[in-house]
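# Summary of the model geometry
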Amino acid sequence: MEKGEIFGVIGYSGAGKSTLIRCVNLLETPTSGTVEINGTDVTRLPEHELLAIRRKIGMIFQGFHLLKTATVYDNIAIPLRLMDVGQQEIDKRVGKYLSIVGLEDKHDAYPSQLSGGQKQRVAIARALAQEPELLLSDEATSALDPETTESILELLLTINQELGITILLITHEMNVIQKICDRVAVMEKGEVIEQGRTVDIFTNARHSTTKRFVNGTYHRELPPSLLRELRETGPVVRLSFVGESTGKPVLAAVSRKFDVSPNILAGGIIQLKQEKIGSLVVHLQGEGEETKKAIAFLEEQGVNVEEMERGHV
Amino acid sequence: MSDLQEFVQERLPIIGESVVQTFQMVSVSLLFSVLIGLPMGVLLILTRPGNAWENRFVYQLLNVVINVIRSIPFIILLFFILPFTKLVVGTTIGVKGAIVPLIVHSAPSIARLMESALLEVDSGVVEAYKSMGIRTRDIIWHVLLREARPSIVLGLTIAVISLVGATAMAGLVGAGGLGDLAYRFGHLRYEVDVMYVTVFILILLVQGLQTIGNRMAAKYKKD
């Protein structure tokens, strides 16, 4: 991981991503291998140095994990007190971070009086109040509804950009990766099967699990019978446009240059953290030779082309 | 009217004395039982497989000790540990002689009650504090015991009330107390009015303790 980025790890449950993130702050000890933070191997640290390292790493969880018997203020202040932060500094930090998460007016509320999203905000404020360099997020949005998830993701993005905190998050939801991650690793059965920049993973997924995650975000499936029928008169392809190629009228050019009539079946635009990706599913009606030339032409133009063979690719 | 006056004049002093004895026995043995039982409960949690001070040997040993003591009915325990009582307080009779067996009887129960109270605490919160680099002893105090307070109070209420019950048998070693009074005067001497009064006082006492316990637990509970 690099400093300042948001790195996402995605995988189905049981893929080992939770274990991975818990190894970073040694909530779990790896049976082999090392964990390096700023160049030091943390698996071999004596107890007091481990505590010091953990204090530089904030962590938020799916289940929030707040003290039920303490107010919002105390939930943030108690850990600071236990880290020997002075009372004045504690008050300053609680005020500062509660306002960053937008809960200035909830100092004296108890967690039971808050909604799920608000509880996660308190948990985020608690993690930020220890002024960490790295924030770990263990499925932090998985227990929240879509709208709340959106607002929490926005908050994480703000934290990353304005406070410069590096974020490592794990999730099983591709839209979390899509919205805020610079880079992503896909895990399956305890192994990282693919990793790279988010935009590359979205346009150029190689592994079938990765493709399933990516396709899930387009909400697009063709009925197998329709696909079979269409393929008799020409290939069905998925075109992804990133950056420059988004602006070019390539399909119009295809129909002019070749004896092929493109028929758009579905399409959409996905907003990643940095860039937009356009995606179209197109039926290229025409003779074999002509369609092959058309596909080669599209690739020349910087469009990512992938032939669809089953109901969904 | 004169009957009542007579009863009050004759029996009030001894009833009053019994109330004091019961309070002495309950309060002193509760204090020591908590001092022994609470750390035992905490230790049971921490040495449990997968927890901070995981230690199979200590965990199993504690379990066996607690189960063995809890298998012995108090009335038998009272006589069974007479030599131990003598060793600790120098006597086996009176309030002093009753307090040692009361503690031995009550501490393991309190350990179990504390264990179950602490088990209710969301292990995720403990993990969150661990991830923040908080020392284990601080987690015990500021997370485990703090979050378990409502259940701890209710557990202690159960423990106090069963102690009140156990003190009735302490009369067998001459410790006195309300239960003993009801037995000696009400049963052996056929003075049923003394029995009624003491039973009534016991009912008030238990009701009062439970009410206080419930209120305190409710005050600590915030969800």
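Values in this document were obtained by computation on a predicted structure and should not be read as measured data. (Residues numbered from 1 in each chain as written. Chains lettered and ligands numbered in written order. Predicted model: local features only at pLDDT ≥ 70, side-chain atom pairs only at ≥ 80, totals over all residues. Heavy atoms only, no water.)

## Topic: the overall build of chain B
Condition: Segments assigned H or I by DSSP are reported as helices when at least four residues long, segments assigned E as strands when at least two residues long, and all are numbered from the N terminus. Whether a residue is buried, partly exposed or exposed follows from its accessible area with a 1.4 Å probe, protein chains only, as a fraction of its type maximum: under 20%, in between, or over 50%, in that order. Any two residues whose heavy atoms approach within 4.5 Å are treated as being in contact. We get accessible surface area from the Shrake-Rupley algorithm with a probe of 1.4 Å; when it comes to residues, only the shown protein chains can shield them. Only four residue types enter the charge count: Lys and Arg as positive, Asp and Glu as negative, with His and the chain ends excluded. Working definition for charges: the position is that of NZ of Lys, CZ of Arg, CG of Asp or CD of Glu.
When you go through chain B residue by residue, the secondary structure sums to nine helices and zero strands. In sequence order, chain B lays out its α and β elements as α-α-α-α-α-α-α-α-α. Out of the 223 residues in chain B, the part that is buried amounts to 44%. Considering only contacts in chain B between residues 6 or more positions apart, those separated by 24 or more positions represent 73%. With the model as given, the accessible surface of chain B reaches about 11,700 Å², and the carbon-plus-sulfur share is 67%. Averaging the locations of the 18 positively and 15 negatively charged side chains of chain B gives two centres separated by 9 Å.

## A short note on the side chain of Thr210(A)
All names here are of chain A. Summarising the element assignment, Thr210 is placed in helix 9 (residues 208–218). Thr210 sits in the buried class, given a relative accessible area of 0%. Not counting residues up to four positions away in its chain, the partners in contact with Thr210 are Val186, Ile193, Glu194, Ile201 and Ala205.

## Section: the UniProt feature "domain: ABC transmembrane type-1" (unreviewed entry) in chain B
Inclusion rule: UniProt positions are given in the numbering used here, feature names are shortened, and annotations may be inferred rather than shown by experiment.
Here, UniProt's "domain: ABC transmembrane type-1" (unreviewed entry) annotation points to residues 19–213 of chain B. Between the first and last C-alpha atoms of residues 19–213 of chain B the distance is 20 Å; the span itself is 84% helix and 0% strand.

## Observations concerning a nonpolar patch on the surface
Residue and element names in this part refer to chain B. Operational definition: Each patch groups residues whose relative accessible area exceeds 30% and which form no salt bridge, using 9 Å between like charges and 5 Å between nonpolar side chains of Val, Leu, Ile, Met, Phe, Trp and Tyr. By salt bridge we mean one thing: a side-chain nitrogen of Lys or Arg within 4 Å of a carboxyl oxygen of Asp or Glu.
A cluster of nonpolar side chains, namely Ile75, Ile76, Phe79, Phe80, Met169 and Leu172, defines an oily patch on the protein surface of about 560 Å² accessible area. Of all the elements, helix 3 (residues 74–80) adds the most residues to the nonpolar patch, at four residues. Checked against the element boundaries, Met169 lands in helix 7 (residues 136–170). Judged by relative accessible area, which is 30%, Met169 ranks as partly exposed.

## Describing the UniProt feature "transmembrane region" (unreviewed entry) in chain B
Residues and elements named next belong to chain B. According to UniProt, the feature "transmembrane region" (unreviewed entry) maps to residues 26–46, 58–81, 87–104, 152–174 and 194–212 in the numbering used here. As annotated, residues 87–104 has a helix share of 78% and a strand share of 0%, and its two end C-alpha atoms lie 14 Å apart. In residues 152–174, the share of helix is 83% and the share of strand is 0%. The end C-alpha atoms are 32 Å apart.

## Overview of the nonpolar core
Just so we agree on the cut-off: By nonpolar core we mean a set of buried residues, namely Ala, Val, Leu, Ile, Met, Phe, Trp, Tyr and Cys, connected to one another through side-chain atoms within 4.5 Å.
Counting 66 residues, the largest nonpolar core has Ile124(A), Leu156(A) and Tyr129(B) as the members making the most contacts within it. In this structure Tyr129(B) touches Leu67(A), Asn75(A), Ile78(A), Pro79(A), Leu82(A), Arg126(A), Ile134(B), Ile139(B) and Val143(B), once residues within four positions along its chain are discounted. Within the second largest apolar cluster, 23 residues are counted, among which are Val35(A), Ile37(A), Val42(A) and Phe61(A).

## Quick look at the interface of chain A and chain B
For clarity, the threshold we go by: Buried area counts how much accessible surface, traced with a 1.4 Å probe, disappears from two parts once they are put together, with both parts' losses summed. N or O atoms within 3.5 Å of each other form a polar contact, as long as, within protein, one can give a hydrogen and the other can take it, and as long as residues adjacent in sequence are counted only when both atoms are side-chain atoms.
The interface of chain A with chain B comprises 25 residues on the first partner and 21 residues on the second. Both faces combined, the contact of chain A with chain B buries some 2,300 Å², and carbon together with sulfur accounts for 56% of it. Joining chain A to chain B, the criterion identifies two salt bridges. The partner of Arg22(A) in a salt bridge is Glu127(B), and the shortest N-O contact between them spans 2.6 Å. Where chain A packs against chain B, one counts eight residue pairs in polar contact (both at pLDDT 80 or more). Of all the elements in the fold, those that place two or more residues in the side of chain A that touches chain B are helix 2 (47–54), strand 4 (57–61) and helix 3 (72–82) of chain A.

## Quick word on the sheet that holds strand 11 (residues 276–286) of chain A
Residues and elements named next belong to chain A. The criterion, for reference: By the convention used here, strands pair only if DSSP detects at least 2 bridges between them. Fitting a line to C-alpha atoms yields each axis, with helices limited to the stretch in contact; the angle taken between N-to-C directions then spans 0 to 180 degrees.
Taken in spatial order, the four strands of this open sheet run 10-11-9-12, and their pairing is antiparallel. One side of each edge strand has no neighbouring strand; the edge strands of this open sheet are strand 10 (260–271) and strand 12 (304–307). Across the sheet, the mean angle separating the axes of adjacent strands is 20 degrees when strand polarity is ignored. Of the strand pairs in this sheet, strand 10 and strand 11 are connected by eleven bridges, and their pairing is antiparallel. Looking across to strand 11, one finds that Ala266 is bridged to Val281. Of the strands in this sheet, strand 9 (236–242), strand 10, strand 11 and strand 12 touch helix 9, which is tilted by about 85 degrees from strand 9. Lying on the sheet, helix 12 (residues 288–300) is in contact with strand 9, strand 10, strand 11 and strand 12; it crosses strand 11 at an angle near 165 degrees.

## A word on the packing of helix 4 (residues 87–100) of chain A against helix 5 (residues 116–129) of chain A
The geometry of a pair of packed helices is captured by two quantities: the angle between their axes and the separation between those axes. All names here are of chain A. Which entries qualify depends on this criterion: When an angle is under 35 degrees it counts as roughly parallel; over 145 it counts as roughly antiparallel; between 65 and 115 it counts as roughly perpendicular; any other value is oblique. For any helix crossing, the convention is left-handed if the near helix is rotated counterclockwise from the far helix by under a right angle, and right-handed if that rotation is clockwise.
Relative orientation of the contacting elements helix 4 and helix 5 amounts to 135 degrees, with a least axis distance of 9 Å. Between helix 4 and helix 5, the angle is such that the two are oblique. Handedness of the helix 4/helix 5 crossing: right-handed. Each of Arg93, Tyr97, Leu98 and Ile100 in helix 4 lies in contact with helix 5, whose residues at this interface are Ala125, Leu128 and Ala129.

## Here we look at the sheet that holds strand 8 (residues 191–197) of chain A
Residue and element names in this part refer to chain A. If you walk across this open sheet you meet the six strands as 4-5-6-1-7-8, and the pairing is mixed. Whereas interior strands pair on both sides, the edge strands pair on one side only; in this sheet they are strand 4 and strand 8. The average angle at which neighbouring strand axes cross in this sheet is 15 degrees, direction not considered. In the packing of helix 5 onto the sheet, contacts are made with strand 4 and strand 5 (134–138), and the angle to strand 4 comes to roughly 170 degrees.

## Looking at the confidence of the model for chain B
As a note on interpretation, predicted positions should not be read in detail where pLDDT is low. Residues and elements named next belong to chain B. To keep things clear, this is the line we draw: A residue's pLDDT is the predictor's confidence in that residue, given on a scale from 0 to 100.
Looking at chain B as a whole, its pLDDT mean stands at 91, while 99% of the residues score no less than 70. Averaged over each element, pLDDT in chain B is lowest for helix 8 (residues 178–188) (84) and highest for helix 2 (residues 56–71) (95). Predicted complex, confidence summary: ipTM 0.82, pTM 0.84.

## Side note on the pairing of strand 7 (residues 183–188) of chain A
Strand residues, when the strand is regular, have side chains that alternate between the two faces of the sheet. Residue and element names in this part refer to chain A. Pairing between strand 1 (residues 6–10) and strand 7: four bridges, direction parallel. Looking across to strand 7, one finds that Phe7 is bridged to Arg183. Sheet topology places strand 7 next to strand 8; six bridges connect them, and they run antiparallel. Bridging across to strand 8, Arg183 finds its partner in Arg197. In sequence, strand 7 turns back onto strand 8 through a hairpin of two residues, with Lys189 there showing a positive phi of about 50 degrees.

## Remarks on unusual backbone geometry
Residues other than glycine predominantly adopt negative phi, and peptide bonds predominantly adopt the trans conformation. Residue and element names in this part refer to chain A. One non-glycine residue, Glu131, lies in the positive phi region at around 45 degrees. Note that Glu131 resides in the loop between helix 5 and strand 5. The partly exposed category is assigned to Glu131, whose relative accessible area is 39%. Unusually for a residue other than glycine, Glu139 sits at a positive phi of about 55 degrees. Secondary-structure assignment places Glu139 in the loop between strand 5 and helix 6 (146–162).

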